[in-house]
Amino acid sequence: MTKEMNRTRYLTLVGTIITQFALGSVYTWSLFNAQLAVKLDEPVSQVAFVFGLLSLSLAVASSMAGKLQERFGVRNVTLGAGLLLGVGFLLTAQASNLMMLYLCAGILVGFADGTGYLMTLSNCVKWFPERKGLISALAIGAYGLGSLGFKYINVLLLENTGLETTFQLWGLIAMALVLCGGMLMKDAPAQSAASQQAESRDFTLAEAMRKPQYWMLALMFLSACMSGLYVIGVAKDIGEKMVDLPVLVAANAVAVIAMANLSGRLVLGILSDKIPRIRVISLAQIITLVGMVLLLFVPLNANLFFVAVACVAFSFGGTITVYPSLVSDFFGLNNLTKNYGVIYLGFGIGSIIGSIVASLFGGFIATFNVILVLLVVALVMSLTIRMPEPKTPASAKKATKSTPRLVNMTAESA
């Protein structure tokens, strides 16, 4: 790799980390539910639905980002996502009813966030094929740190400027960071013909979706997202209602989850460069099962409750860090954004299924049982799944033929 290319990929890494930090700020949304409910004169539950809608929009946008990158390039799409993110927050500040809030915060902000999130992550991973786990850990760790950093920024803004101005300043800060990060990025080069031949795996989305392994990975990802997002979203309520903890003690679950989630991203991400990534996913599933068993079958005290939610958050953070690299192991790097994009729809679906099950079948316990069954099925899949068969010899032969021709043309021109 030339010195210039090495410089370019490290600038792209810095730009990706800055962008991911800004995009992670959406996870501070719960800070605004109570004040928005008062402003709009709506129940908190109706206002809180915005975050579910935002998560779904984020996942849908992530699945489309690959096509946008192919047409416009990672820099231009990131800049567009930054502008849309700023506009979404500025319009949210002006929302005067629930439907406008859903449209501005749920759909516009969610779409902008999802467009930038997966595309910039996948592009950065492609720049560092030899350190995919570490790069995923750094990028997604920055996304997690964004939620923590903006928690303090937004609390400070709320206390000193009010609700509407906070949304405006939040939008401007996040937009500025994404624009700065986008300017540092460049599209990663396609994997060379020799590299593709060595791996014999470079599947298009259509080819990948015809493989049973693709849907096995999708179900495993859905299970991880459903367990992680549901438990994280109601952890404080679980502490109060199932463990009879005081409100202030139960609220400590938020800090425990944040630390465990970030630890999972870093530890499992780095570990995935040292052992097979599918085994890291199996480990994450086992840790999640420990957490769910504690919640379902063990009389809980405060310490056991915090251990249980920490297990779930640690594994969830690690899973979403390892998965981009895992998908590239199975189906190649060149089409990673598209191939992972459809699987990432499980993030949005999982964020909603848990709440639906809880509302239909009576709360935490019913949802925990469904999650437990899904996790057992997912664990069996992760222990038995095998790499898809390499692409046909004809494809490999074609790639082989193209390489000498390129070498000959270079020699002739010299």
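Note that the coordinates shown come from a computational prediction; the quantities given were computed from them, not determined experimentally. (Residues numbered from 1 in each chain as written. Predicted model: local features only at pLDDT ≥ 70, side-chain atom pairs only at ≥ 80, totals over all residues. Heavy atoms only, no water.)

### Brief notes about unusual backbone geometry
A positive phi angle, near 60°, is found at D41, a position not held by glycine. When you line up the elements, D41 lands in the loop between α2 (33–40) and α3 (44–72). On the accessibility criterion, D41 (69% relative accessible area) is exposed. At D244, a residue that is not glycine, the phi angle is positive and equals roughly 60°. Along the chain, the position of D244 falls in the loop between α10 (212–241) and α11 (247–250). Under the relative-accessibility criterion, D244 is labelled exposed at 64%. (Helix = DSSP H or I, 4+ residues; strand = E, 2+ residues; numbered from the N terminus. Buried < 20%, exposed > 50% of the residue type's maximum accessible area, 1.4 Å probe, protein only.)

### Quick notes on the packing of helix α1 (residues 3–23) against helix α6 (residues 132–161)
Axis separation between α1 and α6 bottoms out at 6 Å; the angle between their running directions is 35°. Read as a crossing pair, α1 and α6 show a hand that is right-handed. Together, L13, T16, I17, Q20, F21, A22 and L23 of α1 and I135, L138, A139, A142, Y143, L145, G146, G149 and F150 of α6 make up the contact between the two elements. Here the contact of α1 with α6 is composed, by residue class, of twelve nonpolar, four polar and no charged. (Axes fitted to C-alpha atoms, helices over the stretch in contact; angles between N-to-C directions. Left-handed = near helix turned anticlockwise from the far one by under 90°. Contact = heavy atoms within 4.5 Å. Nonpolar A, V, L, I, M, F, W, Y, C, P; charged D, E, K, R; others polar.)

### Some remarks on the nonpolar core
Considering soluble globular proteins, one finds that nonpolar side chains tend to be buried as a cluster. Membership of the largest hydrophobic core comes to 109 residues, with the highest contact counts inside it found for L101 and Y323. When neighbours within four sequence positions are excluded, Y323 is seen to be in contact with L217, M220, F221, I281, Y340 and I343. Formed by five residues, the second largest nonpolar core is a distinct cluster that contains A65, V74, M119 and M185. (Core = buried A, V, L, I, M, F, W, Y, C linked by side-chain atoms within 4.5 Å.)

### Some points on the side chain of S328
You can see S328 is positioned in helix α14 (residues 302–331). Taking relative accessible area as the criterion, S328 reaches 2% and is therefore assigned buried. In this structure the side chain of S328 is engaged in a polar contact, spanning 2.7 Å, whose partner is the backbone oxygen of S325. (Polar contact = N/O pair within 3.5 Å; in protein donor to acceptor, adjacent residues only side chain to side chain.)

### Here we look at helix α15 (residues 336–343)
Counting buried residues in α15 gives seven out of eight residues, a clear majority hidden from the surface. When α15 is considered as a whole, its buried residues turn out to be L336, T337, K338, N339, Y340, G341 and I343. Lining the buried residues of α15 we find α3, α5 (98–127), α9 (205–209), α10, α14 and α16 (345–361).

### Describing the environment of T166
Secondary-structure assignment places T166 in helix α7 (residues 163–183). We classify T166 as buried; its relative accessible area is 0%. Along the chain, T166 and L336 lie 170 residues apart, while their C-alpha atoms are 36 Å from each other. Beyond its immediate sequence surroundings of up to four residues, T166 is in contact with F32, N154, L157, L158 and T161. Here L158 takes part through its backbone nitrogen, which lies 3.3 Å from a polar atom of the side chain of T166.

### A short note on the confidence of the model for the protein
With 92% of its residues at a pLDDT of 70 or more, the protein shows a mean pLDDT of 85. Low pLDDT, under 50, characterises residues 394–414; the predicted model gives this stretch five contacts beyond four residues in sequence or across chains. (pLDDT = per-residue confidence, 0-100.)

### Let's talk about empty space enclosed by the protein
The final tally for this structure, using the stated rule, is two cavities of 30 Å³ or more. Estimates place the volume of the largest cavity at around 50 Å³. Lining the largest cavity, in full, are M220, A224, S227, I281, A284, Q285, T288, T319, Y323 and L375. Of all the elements, helix α13 (residues 277–297) adds the most residues to the lining of the largest cavity, at four residues. (1 Å grid on protein atoms, 1.4 Å probe; cavity = no way out; pocket = protein on both sides within 12 Å on 5 of 7 lines; lining within 4 Å. Points joined across faces, edges and corners; volume = space filled by probe spheres on them.)

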